[in-house]
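Next come the chains, spelled out residue by residue.
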Amino acid sequence: MEHIQSEQQFDEIKANETAVFLFSADWCPDCRVIEPILPRIEVDFPTFTFYYIDRDKFIDVCAAHDIFGIPSFLVYANGKEVDRFVSKDRKTEEEIVAFLTKAEAAID
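Residues numbered from 1 in each chain as written. Predicted model: local features only at pLDDT ≥ 70, side-chain atom pairs only at ≥ 80, totals over all residues. Heavy atoms only, no water.

The protein chain is annotated in an unreviewed UniProt entry as Thiol reductase thioredoxin of Shouchella clausii.

Listed below in structure tokens is the structure:
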């Protein structure tokens, strides 16, 4: 999963790719719980390119997109937000897969 390096990069990806953005932080215990399953999820959803956004480095991006809890996910396609899974709660593998399945169906 590629890490977003700038707000400009984030904006370009949003506008031009079918992407899942994972908002996370190194200190977040709930984020560490899902970390081992993410590579498998990326393989299972080849429609998307997955990107990691460090919440602490991009707090303005988080505020602009109403990301007030982590881990959280945003899906963009064709320059538009397709779906979001945003909360402060721990996410299970089943919840993430269900969310991505729904988002993928919304794109087709």
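Q: I keep staring at the side chain of Lys-14 and nothing clicks. Help me out?
A: Mapped onto the elements of the fold, Lys-14 is located in helix H1 (residues 7-16). Among the polar contacts made by the side chain of Lys-14, one reaches the side chain of His-65 at a distance of 3.0 Å. With sequence-adjacent residues up to four places away left out, Lys-14 is seen in contact with Phe-21, His-65, Tyr-76 and Gly-79. (Helix = DSSP H or I, 4+ residues; strand = E, 2+ residues; numbered from the N terminus. Polar contact = N/O pair within 3.5 Å; in protein donor to acceptor, adjacent residues only side chain to side chain. Contact = heavy atoms within 4.5 Å.)

Q: I would appreciate a short explanation of the sheet that holds strand E1 (residues 2-3) in the present structure.
A: Two strands in a sheet stick together by hydrogen bonds in their backbones, pointing the same way (parallel) or opposite ways (antiparallel). Taken in spatial order, the 5 strands of this open sheet run E1-E3-E2-E4-E5, and their pairing is mixed. In the strand order of this sheet, the two ends are held by E1 and strand E5 (80-85), each with one partner. Taken together, the 5 bridges between strand E2 (residues 19-24) and strand E4 (residues 72-77) define a ladder with antiparallel strand orientation. Across the sheet, the residue bridging to Leu-22 is Phe-73, located in E4. Across the face of the sheet, H1 comes into contact with E1, E2, strand E3 (49-54) and E4 while running at roughly 145 degrees to E2. Across the sheet, helix H5 (residues 93-107) lies against E2, E3, E4 and E5, angled at about 160 degrees from E5, the strand it touches most. (Pairing = 2+ DSSP bridges. Axes fitted to C-alpha atoms, helices over the stretch in contact; angles between N-to-C directions.)

Q: I tried to follow the nonpolar core on my own but got confused; where do I start?
A: Looking at soluble globular proteins, one finds that nonpolar side chains tend to be buried together. In terms of nonpolar packing, the biggest core is built from 18 residues, with Ile-4, Phe-10, Phe-21, Phe-23, Ile-53 and Ile-70 touching the most fellow members. Those elements that place two or more of their residues in this core are H1, E2, E3, helix H4 (59-64) and E4. Among residues more than four places away in sequence, those in contact with Phe-21 are Ile-4, Phe-10, Ile-13, Lys-14, Tyr-51, Ile-53, Ser-72, Phe-73, Leu-74 and Tyr-76. If you look at the next biggest cluster of nonpolar residues, it comprises 17 residues, including Ile-37, Leu-38, Ile-41 and Phe-48. (Core = buried A, V, L, I, M, F, W, Y, C linked by side-chain atoms within 4.5 Å. Buried < 20%, exposed > 50% of the residue type's maximum accessible area, 1.4 Å probe, protein only.)

Q: Sorry, what's going on with the pattern of salt bridges here?
A: Pairs can form between side chains of opposite charge once their charged atoms are near each other. Counted by the stated rule, this structure contains 8 salt bridges. With a closest N to O distance of 3.9 Å, Lys-14 and Asp-11 form a salt bridge. Taken together, the positions of Lys-14 and Asp-11, both in helix H1 and 3 residues apart, correspond to about one turn of that helix. According to the relative accessible area criterion, Lys-14 is buried, its value standing at 15%. Exposure remark for Asp-11: the relative accessible area of 36% places this residue in the partly exposed category. One salt bridge in this structure joins Lys-102 and Asp-83, with 3.2 Å as the shortest N-O distance. Remark: Asp-83 occurs in strand E5 and Lys-102 occurs in helix H5; sequence separation between them is 19 residues. (Salt bridge = Lys/Arg side-chain N within 4 Å of Asp/Glu carboxyl O.)

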